[in-house]
Amino acid sequence: MRTKWDTRFLSLAAHISGWSKDPSSQVGAVITDGNRIISLGYNGFAARVEDSDERLTDRQCKLNLTIHAEENAMIFAKRDLRGCTVFVTHPPCPRCASKLIQEEIRRVVHIVPSEDFLSRWADDLALSREMYREAGVEVTAYELQDLNIANAKITIAPGGFFRAVLRRLLA
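Residues numbered from 1 in each chain as written. Predicted model: local features only at pLDDT ≥ 70, side-chain atom pairs only at ≥ 80, totals over all residues. Heavy atoms only, no water.

Trainee: Looking at this model, I keep getting lost on the packing of helix α5 (residues 94-102) against helix α6 (residues 115-135). Mind explaining?
Mentor: Each pair of packed helices gets described by two things: the angle between the helix axes and the distance between those axes. Contact geometry for α5 and α6: axes closest at 8 Å, N-to-C directions at 15 degrees. Comparing their axes, α6 and α5 come out roughly parallel. For the pair α5 and α6, the crossing hand works out as right-handed. For the pair α5 and α6, the contacting residues are P94, A97, S98, L100 and I101 in the first and D124, L127, S128, M131, Y132 and A135 in the second. Residues that form the contact of α5 with α6 fall into these classes: eight nonpolar, two polar and one charged. (Axes fitted to C-alpha atoms, helices over the stretch in contact; angles between N-to-C directions. Helix = DSSP H or I, 4+ residues; strand = E, 2+ residues; numbered from the N terminus. Parallel < 35°, antiparallel > 145°, perpendicular 65-115°, else oblique. Left-handed = near helix turned anticlockwise from the far one by under 90°. Contact = heavy atoms within 4.5 Å. Nonpolar A, V, L, I, M, F, W, Y, C, P; charged D, E, K, R; others polar.)

Trainee: I tried to follow a nonpolar patch on the surface on my own but got confused; where do I start?
Mentor: On the surface, a cluster of nonpolar side chains totalling about 360 Å² of accessible area is made up of W19, I37, L40 and Y42. Tracing the sequence through the fold places I37 in strand β2 (residues 36-42). Judged by relative accessible area, which is 41%, I37 ranks as partly exposed. (Patch = residues over 30% accessible without salt bridge, like charges linked within 9 Å, V, L, I, M, F, W, Y side chains within 5 Å. Areas by Shrake-Rupley, 256 points an atom, 1.4 Å probe, with all protein chains shown as cover. Salt bridge = Lys/Arg side-chain N within 4 Å of Asp/Glu carboxyl O. Buried < 20%, exposed > 50% of the residue type's maximum accessible area, 1.4 Å probe, protein only.)

Spelled out as structure tokens, the structure:
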């Protein structure tokens, strides 16, 4: 049962990641309390801060201006997050891990990162794992191939209203 809901919420986080305007790193996060969605977030600049191509392609500028998906989800939750779970498309960095721990998030669920991602961020992710261990936060990481949409009973209707809406939005 847990894998079914984990897959559903990771799928939702992946969908939400596409809302980010970042050309190189699109991250999505979903915070839940049990099977109830509390908040969503994706990485991006603060509201009313211009997200121009120039800023988005200047790595240092982008890193300084970006609010991470996990941070956005915590900000928009507007409630106590003690005991909640966060589902993230990428393992949280130490900056976000410390905030998740401070909010008393009980569980972090993410997709195992690619070798390319690890080549750049392995040391940071090791620090996040160490903090989770010290704070008693449960971490579940899924290999992409282990996420089974059919077993999670996620259906994508071949027609009807949803398809018409997508056709209109993607045209």
